[in-house]
4 protein chains.
Amino acid sequence: MTDFTDLIDGYYRFRGGEWQQERERWSELATGQQPKVMIIACSDSRVEPATIFGSRPGEVFVVRNVANLVPPFDASGGLHGVSAAVEFAVTKLKVEEILVLGHGACGGVNASLTQSLADSKPGEGGFVAEWIGLLDEAREKVVHQHGTGPEGQTALEQEGVKVSIKNLKTFPFIQKALEAGELKIHGAVFAIADGKLRVLQDDGRFEAA
Amino acid sequence: MTDFTDLIDGYYRFRGGEWQQERERWSELATGQQPKVMIIACSDSRVEPATIFGSRPGEVFVVRNVANLVPPFDASGGLHGVSAAVEFAVTKLKVEEILVLGHGACGGVNASLTQSLADSKPGEGGFVAEWIGLLDEAREKVVHQHGTGPEGQTALEQEGVKVSIKNLKTFPFIQKALEAGELKIHGAVFAIADGKLRVLQDDGRFEAA
Amino acid sequence: MTDFTDLIDGYYRFRGGEWQQERERWSELATGQQPKVMIIACSDSRVEPATIFGSRPGEVFVVRNVANLVPPFDASGGLHGVSAAVEFAVTKLKVEEILVLGHGACGGVNASLTQSLADSKPGEGGFVAEWIGLLDEAREKVVHQHGTGPEGQTALEQEGVKVSIKNLKTFPFIQKALEAGELKIHGAVFAIADGKLRVLQDDGRFEAA
Amino acid sequence: MTDFTDLIDGYYRFRGGEWQQERERWSELATGQQPKVMIIACSDSRVEPATIFGSRPGEVFVVRNVANLVPPFDASGGLHGVSAAVEFAVTKLKVEEILVLGHGACGGVNASLTQSLADSKPGEGGFVAEWIGLLDEAREKVVHQHGTGPEGQTALEQEGVKVSIKNLKTFPFIQKALEAGELKIHGAVFAIADGKLRVLQDDGRFEAA
């Protein structure tokens, strides 16, 4: 799949196969979505939630951005794409589970770890640099303990998931839903190389599912 | 798939099936991603690009947010999640095609069309209201011509895709890539109800693929 | 396949499968057809030449009507659908083989054999009655020898093929092409029940291929 | 597939494969056909309905002639091959859907558009010229609006389908079946080059399926 023609070809396969088999389901879905699960994942082409979890259309509300980040609650105005998606999912769709899904070999995490884009101008790496600034505090801790090599990379991928979860909890409506037992938040990292999913445990460690 | 246990079950099916069949491929992917295509799609649970286009891991870099929106270039600082993703995809990964993918029955578009969340506070609909403010200009035109019923909804879903494409073109590095013939931008709307993909044509109309 | 929706579904399967596999071929075909073979077959839903012979797009020019009939050459004007098709195939496309393909359990042949539609008005069976009048002479001979039962039916299916071949030979351009060795004419009957194809031999008998 | 030997080879593949897998089905089909759908298509070798729609034996009653034409109802006697087939399909087989299927790059339509065979004698192009005279009225309108180039060709391919549908509606038994809700008539054009099927809409436009 390397160009738009490939996408259209894929669409025809979908329409000629899977869509027809689930025609009735699509007809129901047209009346509205009722996902119970939200996933916040990376834009990385290797981390497709529908593939990794085998979810079907209508099941998972998905946000994807560089390094699966969630900024903290900020009521001072301006555009907040992730906040809008979380607000919509939790207050309107009433999703019951949110998964923040990190992954191995994450380019955004690596740019944070190595500060490779520091001082870049917007359009020349500056947008990414600013965005992954959300990881700054975690990065300092990680680099101090694990350095900027492979060990640091893995550690920051895991810490990044924790940062996003921490930020999710700054949203008043999330706090409320958590307290009411209407929402659960999970973290996990999918390590591409060995195909393992490591899930965040209550004690803060990530353990293979 | 209604809770986290279902996700883990799905992960095991993936690991026991598809992942094993493509073990070699995943091993290659672990060394880096080289997608040629970027898709900007809605977070809506019914619009999973990997499903609609049958793409495989490593093939498509994906941004998903409410109503598949792209804000215009803004160098004044602050967090810009979509801009970061586009910058990373175009300047670093050198994707050659970007598809902005709208869809039928879009809740974000509907909130814009009907202004149902106007004047909401952040956390109570205000984040969504602010975010879909990106559609304000298009909405005025659409409502004037088609009203706020089903016809207006379809029209704004299509106009929204055009807004995102227009905004993409405000990024200097996108302009440069377009001029150099290194990048193409496409628009399409997937109508859930009848399963049709309508593609933006050169003359501005959307036509079934 | 019982309604139009089924046809459209089938088209999507074709577009998502076979068409994509032969995309290059279709691209070539778009520039023009160069079939070497013409088949004149019955409209009967069970006698699909592409299925029986496994032909691919672009390979066989096909006429289908009730009872696979060819009227004799008639230069006196009026609409001649079959003559137009034969003229186009032989003088313009230069097909090198024509196969007249009859089949078992042919309703048109049966209506001739039993004269079940004799004296019907146009629109009430009269069009069919008039059309299968092309078999009148053959019918008389067959009924005399084999009666109007199953034996007569099989005999008239075979004789009907011979009638069409005889009529083909009344066309001056066919005579010319046959004499020049540029065209061959074949006859065959596909017996649905046992799936056998019986081919017209030089001595006038039909023998299993 | 370039000669009769290839046809026989193809028949053996059919008998050794598909026929055996569906032996039971063929046994049932031998007792009679009960198609619900009729397709009127062009004789063109590239437009095989069974291929494009993936129909199976027994499912579609098919007429094929040059340019997929239907003459209007004419009770004045003489041979009417298409009328016989339509009469048989609607009054005897009780098909519930008729599709008139045009196609791109149609030689018959082109001969009408460009009048390349005008004044030819029967056997030298005259049969085709007379037959495609059914398009004369549509051609005038099309040439006036779109000229005789590629745009005119596409327009006349679409208009030709409408002409055949209009003529179908002149048959009293068709009118009756339509009024009783027992029959539907559809139009479509298969564009060979891009593999798209464009379907006639209620408003007279052709739109990709």
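Residues numbered from 1 in each chain as written. Chains lettered and ligands numbered in written order. Predicted model: local features only at pLDDT ≥ 70, side-chain atom pairs only at ≥ 80, totals over all residues. Heavy atoms only, no water.

All names here are of chain A. With domains assigned, chain A is organised as domain 1 (1-31) and domain 2 (33-208). Inter-centroid distance (C-alpha atoms) of domain 1 to domain 2 is 29 Å. The junction of domain 1 with domain 2 conceals about 420 Å² of combined surface from both sides, 46% of it contributed by carbon and sulfur atoms. The partner of Glu 22 in a salt bridge is Arg 56, and the shortest N-O contact between them spans 2.8 Å. Linking domain 1 with domain 2 are 2 residue pairs in polar contact (both at pLDDT 80 or more), by the criterion used here. In terms of residue class, the side of domain 1 that touches domain 2 is made up of 2 nonpolar, no polar and 2 charged. (Domains from an automatic or database assignment. Buried area = accessible area lost by both parts, 1.4 Å probe. Salt bridge = Lys/Arg side-chain N within 4 Å of Asp/Glu carboxyl O. Polar contact = N/O pair within 3.5 Å; in protein donor to acceptor, adjacent residues only side chain to side chain. Nonpolar A, V, L, I, M, F, W, Y, C, P; charged D, E, K, R; others polar.)

To continue, consider the environment of C:Gly147. Residues and elements named next belong to chain C. Within the secondary structure, Gly 147 is located in the loop between helix H8 (136-146) and helix H9 (150-168). Here the alpha-carbon distance between Gly 147 and Ala 84, two residues 63 residues apart in the chain, equals 35 Å. Beyond its immediate chain neighbours, meaning those up to four positions away, Gly 147 contacts Leu 113, Val 142 and Gly 152. (Helix = DSSP H or I, 4+ residues; strand = E, 2+ residues; numbered from the N terminus. Contact = heavy atoms within 4.5 Å.)

Here the focus is the pattern of salt bridges. Evaluated as defined, the whole model comprises 41 salt bridges over all chains. One salt bridge in this structure joins B:Asp194 and B:Arg198, with 3.6 Å as the shortest N-O distance. Assessed through its relative accessible area of 30%, B:Asp194 is described here as partly exposed. Taken together, the salt bridges that share partners define one network made up of A:Glu22, A:Arg25 and A:Arg56. (Buried < 20%, exposed > 50% of the residue type's maximum accessible area, 1.4 Å probe, protein only.)

Attention now moves to the environment of D:Gly133. All names here are of chain D. Within the secondary structure, Gly 133 sits in the loop between helix H7 (126-131) and helix H8 (136-146). On the accessibility criterion, Gly 133 (25% relative accessible area) is partly exposed. Here the alpha-carbon distance between Gly 133 and His 144, two residues 11 residues apart in the chain, equals 17 Å.

Let's shift gears to the interface of chain B and chain A. Of the residues lining the interface, 84 residues belong to chain B; the matching set on chain A comes to 84 residues. Carbon and sulfur atoms supply 66% of the area buried between chain B and chain A, which totals about 7200 Å² over both sides. Applying the counting rule to chain B against chain A returns 0 salt bridges. Between chain B and chain A we count 33 residue pairs in polar contact (both at pLDDT 80 or more) in total. Looking at which element gives the most residues to the side of chain B that touches chain A, the answer is helix H1 (residues 4-16) of chain B, with 9 residues.

This brings us to the relation of the copies chain B and chain A. The operation relating chain B to chain A is a screw motion whose rotation component is 180 degrees, with 0.0 Å of axial translation and a residual RMSD of 0.0 Å. When the rotation and shift are considered jointly, the pair of chain copies conforms to a two-fold rotation axis. Taking C-alpha positions as reference, the residue of chain B nearest the rotation axis is B:Arg64, located at 2.4 Å. Take the interface residues of chain B: 100% of them recur as interface residues in chain A, which is what a same-surface contact looks like. (Least-squares fit on C-alpha atoms with pLDDT ≥ 70 in both.)

This paragraph deals with the pairing of strand E5 (residues 196-200) of chain A. Residues and elements named next belong to chain A. Judged by which residues are buried, E5 turns out to be one-sided: Leu 197 and Val 199 face inward and are buried, whereas Lys 196, Arg 198 and Leu 200, on the alternate face, are not. Here strand E4 (residues 184-191) folds back onto E5 in antiparallel fashion, the turn holding 4 residues, of which Gly 195 has a positive phi close to 65 degrees. A loop of 5 residues connects E5 with strand E6 (residues 206-208), the two strands running antiparallel in sequence, and Gly 204 in this loop sits at a positive phi of about 95 degrees. (Pairing = 2+ DSSP bridges.)

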